[in-house]
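# Secondary and tertiary structure notes
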Amino acid sequence: MPIVLRTTDAEFDLQFEALLLTKREADQDVDDIVSQILSDVQTRGDKAVIELTSKFDQLDLTPETLAFTPKEINAAIATVPTDERRALELAEKRIRDYHERQLPEDAWWIGEHGEGLGWRWSAVETAGLYVPGGLASYPSSVLMNAIPASVAGVDHMCICAPTPNGKYNPLVLLAAHLAGVETVYRIGGAQAIAAMAYGTKTIKKVDTITGPGNAFVAAAKRRVYGRVGIDMIAGPSEILVIADRDNNPDWIAIDLLSQAEHDENAQSILITDDTEFANAVIIAVEKRLETLERKHIANPSWENYGSVIITSDLTEAAKLSDRLAPEHLELCVKDAEEYSKKIRHAGAIFIGSLTPEAIGDYVGGPNHVLPTARSARFSSGLSVLDFMKRTTLTKMTPESMAAIGPAAEVLAKSESLEAHGLSLRARLNQLNTNGKEN
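The structure presented is a predicted model; accordingly, all values stated were derived computationally and were not measured.

Below, the discussion takes up the side chain of Glu 238. Here Glu 238 is to be found in strand E9 (residues 238-243). Judged by relative accessible area, Glu 238 falls into the buried class, the value being 7%. Discounting chain neighbours no more than four positions away, the residues touching Glu 238 are Arg 24, Gln 259, Gln 267, Ala 325, Pro 326, Glu 327, His 328, Thr 372, Ala 373 and Arg 374.

Here we come to the packing of helix H2 (residues 31-44) against helix H9 (residues 215-224). At their nearest, the axes of H2 and H9 sit 9 Å apart, and the two run at 60° to each other. Compared by their axis directions, H2 and H9 come out oblique. Crossing of H2 against H9: the hand is right-handed. In this structure, H2 uses Asp 31, Ile 33, Val 34, Ser 35 and Leu 38 to contact H9, whose residues at the interface are Phe 216, Ala 219, Ala 220, Arg 223 and Val 224.

Let's shift gears to the sheet that holds strand E3 (residues 116-123). If you walk across this open sheet you meet the three strands as E2-E3-E14, and the pairing is antiparallel. Looking at the sheet topology across the chains shown, the edges are occupied by strand E2 (107-110) and strand E14 (388-395). Each strand of the sheet is rotated relative to its neighbour by a mean of 15°, with strand direction disregarded. Relative to E3, E2 is paired through four bridges, and the arrangement is antiparallel. Bridge pairing in E3 links Trp 109 to Leu 117.

The next subject is the sheet that holds strand E8 (residues 229-230). Here we have five strands laid out as an open sheet, ordered E6-E5-E4-E7-E8, and parallel in their pairing. Each end of this open sheet is capped by a strand with a single partner; those strands are strand E6 (183-185) and E8. Lying over the sheet, helix H8 (residues 189-198) contacts strand E4 (126-130), strand E5 (156-160) and strand E7 (208-210), oriented at roughly 175° with respect to E4.

Relative to each other, helix H11 (residues 275-289) and helix H12 (residues 295-305) sit at 155°, their axes nearing to 10 Å. Classified by the interaxial angle, the pair formed by H11 and H12 is roughly antiparallel. In this structure, H11 crosses over H12, and the sense of that crossing is left-handed. Residues Val 285, Glu 286 and Leu 289 of H11 pack against Lys 295, Ala 298, Asn 299, Trp 302 and Glu 303 of H12.

The subject of this paragraph is unusual backbone geometry. Phi at Asn 165 is positive, roughly 60°, even though this residue is not glycine. Relative to the helices and strands, Asn 165 resides in the loop between E5 and helix H7 (170-179). One non-glycine residue, Ala 325, adopts positive backbone phi at about 45°. Counting through the fold element by element, Ala 325 comes out in the loop between helix H13 (314-324) and strand E12 (328-332).

Glancing now at the packing of aromatic side chains. For the structure on display, the rule yields three aromatic pairs. Seen in terms of ring centroids, Phe 12 and Phe 16 are 5.5 Å apart; in terms of plane orientation they differ by 25°. Their pairing is stacked. With Phe 12 and Phe 16 both in helix H1 (residues 12-20) and four residues apart, this pair spans about one turn of that helix. Where Trp 109 meets Trp 119, the ring centres are 5.6 Å apart and the plane angle is 80°; that geometry is what we call edge-to-face. In this pair, Trp 109 is assigned in strand E2 and Trp 119 in strand E3, connecting sequence segments ten residues apart. Overall, the relative accessible area of 39% leaves Trp 109 in the partly exposed class. The exposure class assigned to Trp 119 is partly exposed, which follows from its relative accessible area of 32%. One residue, Arg 186, lies across the ring of Phe 68, its end atom 4.2 Å from the ring centre.

Rules used in this analysis
- Residues numbered from 1 in each chain as written.
- Predicted model: local features only at pLDDT ≥ 70, side-chain atom pairs only at ≥ 80, totals over all residues.
- Heavy atoms only, no water.
- Helix = DSSP H or I, 4+ residues; strand = E, 2+ residues; numbered from the N terminus.
- Buried < 20%, exposed > 50% of the residue type's maximum accessible area, 1.4 Å probe, protein only.
- Contact = heavy atoms within 4.5 Å.
- Axes fitted to C-alpha atoms, helices over the stretch in contact; angles between N-to-C directions.
- Parallel < 35°, antiparallel > 145°, perpendicular 65-115°, else oblique.
- Left-handed = near helix turned anticlockwise from the far one by under 90°.
- Pairing = 2+ DSSP bridges.
- Phe/Tyr/Trp six-rings, centres within 6.5 Å; stacked < 30°, edge-to-face > 60°.
- Lys NZ or Arg CZ within 6 Å of the ring centre and 35° of its normal.

Below, the structure written as structure tokens:
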């Protein structure tokens, strides 16, 4: 049974705080192992990657077979059923259309003293995209990572997707093709992150790495950050559903299980202002679990981390939601669009009972790579901006230098940075001696 909390209970504040502090990451001491892997790949390059792939994925490779060949990719794509191809093509179009609207604009203006000011956006040159592999891999994750990079204008993209025992999902290769990825490597784990971050003789070093992975991948991304950019350190998935009594309990139950089936450490939470409805959802979840294919994953998630919170009203529910700052937030309430304006912290909001989180995983358009573990309080989901950087622009004229340069000189002296002040004074003296000059 999930934890059931009521805001009217005397101990609610303590219980809710405990919920906020619940640690759901797998309890593995992986950092030392990851450190050794990164060092090994940095030192021995391809040889280390190949040995580690053989050890962890039971796949023997050579430098020549690290990546899929164009012939292999085309052959795999040819096996994809027509309905799956069309669905993936629809997803690709919708995701691309959405992300094209995120492209930022350059700016340039003339300040009050004639100085030129602005900024210019440009894409990183290379991006490495990590995709969990094997037959359980997710082609949707390929699209969600590769399309923003493509829209941003990244020159070169590569994917690392492990193929344990040589098994792979043809849909992943089709998704890569649709998104414009040139190279797909059949490697994974911390060694793949290391190869992309440091580069090897075969694998080109990238500027930024994005994509989800297990604890080893997350630890590796954390360690290489600074040498390369990363999107985020994502933890187990989570969903919060705020629902009133005018909903189908079975629909809400399925939505809760849609995250529970991802990972035993995933978390599903329902907040409602109706006790009878809450009980109906709990019963519906238990019934669905009897036949769910991934019951062995969803059941531990629901039993260990599932929660139902009963509030006095829906205003209270919105306040609790902001404290949880969920990765996914479904609003199954009356006038859900208006209600969504009460929410400040959430990775993604799904408005209305006809908008399940699952639509966002595939064909909605917004990105499904989202902040977890309450980090939506200060971070956003993956976007085009994760593959771009902003360069500021400044141009002084004789008039503007004369007007604001002295203040800069004063501040340089106040910070005891002599050369700073001298660089300003030299120009000001030149202007005073020769008058205005271009």
